[in-house]
Amino acid sequence: MSIQLKQLDVLHGKKVLLHHINLTIPKAQCVVIIGESGAGKTMLLRALMGNLPASTSFSGQLLYDNKEQSLSGNTLAKSKITYMVQNPMSMFNPFQKIESHFIEMVQSHEHLSKKEVLQLAKENLAQVSLEEQVLQYYPFELSGGMLQRIMFAMSLSLNAQVYILDEPTSALDYYTSQFIVHMIQTLKSEGKTVILTTHDYTFAKQVGNTMLVMKKGKHIAHDTVDNILSSKDTYIQSLTQNPYQRLV
């Protein structure tokens, strides 16, 4: 699914959160969004999901496959877009087994029986190299990397068209990070669209087609990942050449 934002402005009272955003994200591509804290990345993700807060005022257009959608309370996004949070543990109820999480999430989107959901869960767990036995575990019994993979399996069960990932490799070991790379490449090969934020620029080079740079609610650059990471712009260099995250 392709996504477009046209002349998007978002305000909270008199404070401008996003200003004149024009963005086209083609189907089957991965767009990486970067910017300092407070640059507007999270609000942009919410706009792309058609989930702008009720406390904001906004204008502009959101289009899925050239069809205009609501920028707030977008019910279509529930079935078309899946959003994966930065901290996988925050997504799970520690007092519910993984099996219950699968059943609740899938049945909230699809009219499937418990038996059908569990079969789907087993199939998608296999895709992320996990045994079906994890369904009987509680989240606190599993590592962050395993929970990240379970989130992917749950997302695959929803058959979404767009995957929005917030810092998907933060605090992950190398093996799990490379698994995320493989999953994103697989999603793109299947015609899925991926949008993500990250501070891991080596990861960005592995998965991204283009990179969008945010600054104070504006997008100041949108180009190939390689062109952005080699930019001479002072602000972009301050993001991409942080001494703690310098490219290798």
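Residues numbered from 1 in each chain as written. Predicted model: local features only at pLDDT ≥ 70, side-chain atom pairs only at ≥ 80, totals over all residues. Heavy atoms only, no water.

### Some words on the nonpolar core
Argument step 1. By size, the foremost hydrophobic cluster in this structure holds 76 residues, and its most contacted members are Leu 5 and Ile 150.
Argument step 2. For this core, the element with the highest residue contribution is helix 5 (residues 144–157), accounting for seven residues.
Argument step 3. Excluding its chain neighbours within four sequence positions, the residues that come into contact with Leu 5 are Ile 21, Asn 22, Leu 23, Leu 44, Ala 47, Leu 48, Gln 61, Leu 62 and Leu 71.
Argument step 4. Within the second largest apolar cluster, five residues are counted, among which are Ile 103, Val 106, Val 117 and Leu 158. (Core = buried A, V, L, I, M, F, W, Y, C linked by side-chain atoms within 4.5 Å. Buried < 20%, exposed > 50% of the residue type's maximum accessible area, 1.4 Å probe, protein only. Helix = DSSP H or I, 4+ residues; strand = E, 2+ residues; numbered from the N terminus. Contact = heavy atoms within 4.5 Å.)

### A closer look at the pairing of strand 1 (residues 3–12)
Looking along a regular strand, one sees the side chains alternate between the two faces of the sheet.
Argument step 1. Relative to strand 2 (residues 15–25), strand 1 is paired through seven bridges, and the arrangement is antiparallel. Bridge pairing in strand 2 links Gln 4 to Thr 24.
Argument step 2. Linking two consecutive strands that pair antiparallel, namely strand 1 and strand 2, is a turn of two residues; a positive phi of about 65 degrees is found at Gly 13 within it.
Argument step 3. Across seven bridges, strand 1 lies against strand 4 (residues 57–64) in antiparallel orientation. (Pairing = 2+ DSSP bridges.)

### Here's the deal with helix 5
Argument step 1. End to end, helix 5 covers 20 Å across 14 residues, agreeing with the expected 20 Å (1.5 Å per residue, within 8%).
Argument step 2. Most of helix 5 sits inside the fold, with 12 of its 14 residues counted as buried.
Argument step 3. Turning to helix 5, its buried residues are Gly 145, Leu 147, Gln 148, Arg 149, Ile 150, Met 151, Phe 152, Ala 153, Met 154, Ser 155, Leu 156 and Ser 157.
Argument step 4. Immediately downstream of helix 5, the backbone of Asn 159 shows phi near 55 degrees, a positive value. (Expected span 1.5 Å × (residues − 1).)

### Quick look at the pattern of salt bridges
A side chain of one charge can pair with a side chain of the opposite charge when the charged atoms of the two come close.
Argument step 1. Following the criterion strictly, the structure yields one salt bridge and no others.
Argument step 2. Notably, a salt bridge pairs Glu 132 with Lys 122, separated by 3.8 Å at the nearest N-O pair. In this pair, Glu 132 is assigned in the loop between helix 4 (114–127) and helix 5 and Lys 122 in helix 4, connecting sequence segments 10 residues apart. (Salt bridge = Lys/Arg side-chain N within 4 Å of Asp/Glu carboxyl O.)

### With respect to the side chain of Thr 56
Argument step 1. Relative to the helices and strands, Thr 56 is located in the loop between helix 1 (41–48) and strand 4.
Argument step 2. At 2.6 Å, the side chain of Thr 56 forms a polar contact with the backbone oxygen of Pro 53.
Argument step 3. When residues no more than four places from it in sequence are discounted, the contact partners of Thr 56 are Val 10, Leu 11 and Leu 17. (Polar contact = N/O pair within 3.5 Å; in protein donor to acceptor, adjacent residues only side chain to side chain.)

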